[in-house]
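Architecture and fold: a report
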Amino acid sequence: MRIGFGFDLHRIRRSPKGGVLIVAGVKISAPYKVEAHSDGDLVFHALSDAISSAMGGPDIGEKFPPNEAKTLNMDSKKILEWAMKLAGQKFSLVNSVSLVIAAEEPKLTPFRKRIQEALAVVLKIPTDRVGISFKTFEGLPISNEAIACWATCLLEEK
Ligand code: MG
């Protein structure tokens, strides 16, 4: 078995028009825009780093460099699929994942099931192997500046 750990953070910019927060491919209205070169899907980013890390692979910034045309606005599901392929090549499967998502708003709890289901499909595991905790920054200044995700994964032999 192998364990992996990943982290991602994106700056946010409050906007009167608001924006769209993408969490594991689930699009959620937010009172801010997420600053990102790709689609800014912080869950896919943190989880991809966790899986690659478990396999001794590169971090996603090395594999999918920001500021390159090919990664501009890219669907980050492709990054997770790359990490899954890397794990598969070395004879491992994802057993379970556990995430912490920190965002002051919007409230993400109502989206838990959809996010779990979206991840379960990509990871090819049951939804009860996708754990998610939603946290805030307790109103600290960073609340208005960023969203973040921590991810762990457990990989097992095929
Ligand atoms: Mg990112």
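Residues numbered from 1 in each chain as written. Predicted model: local features only at pLDDT ≥ 70, side-chain atom pairs only at ≥ 80, totals over all residues. Heavy atoms only, no water.

Turning our eyes to something else, we now look at the environment of Val130. Tracing the chain through its elements places Val130 in strand β4 (residues 130–135). Separated by 33 residues in sequence, Val130 and Val97 place their C-alpha atoms 5.2 Å apart. (Helix = DSSP H or I, 4+ residues; strand = E, 2+ residues; numbered from the N terminus.)

To continue, consider the nonpolar core. If you look at soluble globular proteins, the nonpolar side chains tend to sit buried side by side. Counting residues in each nonpolar core, the largest one holds 48 residues, and the members touching the most others are Leu21, Leu47, Ile51, Leu80, Leu119 and Leu123. With eight residues, the single largest contributor to this core is helix α1 (residues 42–54). (Core = buried A, V, L, I, M, F, W, Y, C linked by side-chain atoms within 4.5 Å. Buried < 20%, exposed > 50% of the residue type's maximum accessible area, 1.4 Å probe, protein only.)

Of the two faces of β4, only the one carrying Val130, Ile132 and Phe134 is buried; Gly131, Ser133 and Lys135 on the other face are not. Relative to β4, strand β3 (residues 92–102) runs parallel, the two being bridged by six bridges. Within β4, the residue paired with Ser98 across the bridge is Gly131. (Pairing = 2+ DSSP bridges.)

Let's shift gears to the sheet that holds strand β1 (residues 2–23). The five strands are arranged β2-β1-β5-β3-β4 in an open sheet whose pairing can be described as mixed. The open sheet is flanked by β2 (26–34) and β4, the only strands paired with a single partner. Between one strand axis and the next, the sheet turns by 30° as a mean value, whatever way the strands run. Two elements, β3 and strand β5 (residues 146–157), share 10 bridges in a ladder whose sense is antiparallel. When the bridges of β5 are listed, Val97 appears paired with Cys153. (Axes fitted to C-alpha atoms, helices over the stretch in contact; angles between N-to-C directions.)

Here the focus is the side chain of Ser38. Examined against the element boundaries, Ser38 turns out to sit in the loop between β2 and α1. Of note is the side chain of Ser38, whose polar atom sits 3.2 Å from the backbone nitrogen of Gly40. A polar side-chain atom of Ser38 sits 3.4 Å from a polar atom in the side chain of His45. Apart from residues no more than four positions distant in its own chain, Ser38 is found in contact with His45, Thr71, Asn73, Met74 and Ser76. (Polar contact = N/O pair within 3.5 Å; in protein donor to acceptor, adjacent residues only side chain to side chain. Contact = heavy atoms within 4.5 Å.)

Another aspect to go through is the pairing of β1. Across 10 bridges, β1 lies against β5 in antiparallel orientation. The residue bridging Arg11 from the neighbouring strand is Ala146, located in β5. Here β1 pairs with β2 via eight bridges, running antiparallel. By the bridge assignment for β2, Gly19 is matched with Ala30. Connecting β1 to the next strand, β2, in antiparallel fashion are two residues, including Ala24 with a positive phi near 55°.

For the coordinates displayed, the defined rule picks out two aromatic pairs. Each ring, one from Phe64 and one from Trp82, has its centre 5.6 Å from the other, and the planes form 85°; the classification is edge-to-face. Highlighted residues: Phe64 in the loop between α2 (60–63) and α3 (77–89) and Trp82 in helix α3, separated in sequence by 18 residues. On the accessibility criterion, Phe64 (17% relative accessible area) is buried. (Phe/Tyr/Trp six-rings, centres within 6.5 Å; stacked < 30°, edge-to-face > 60°.)

Time to look at the pattern of salt bridges. For the structure on display, the rule yields four salt bridges. Glu68 is the salt-bridge partner of Lys70, the closest N and O atoms lying 3.9 Å from each other. What makes Glu68 partly exposed here is its relative accessible area of 33%. Between Lys113 and Glu117 there is a salt bridge, and its shortest N-O distance comes to 3.7 Å. Highlighted residues: Lys113 and Glu117, both in helix α4 (residues 112–123), separated by four residues, approximately one helical turn. (Salt bridge = Lys/Arg side-chain N within 4 Å of Asp/Glu carboxyl O.)

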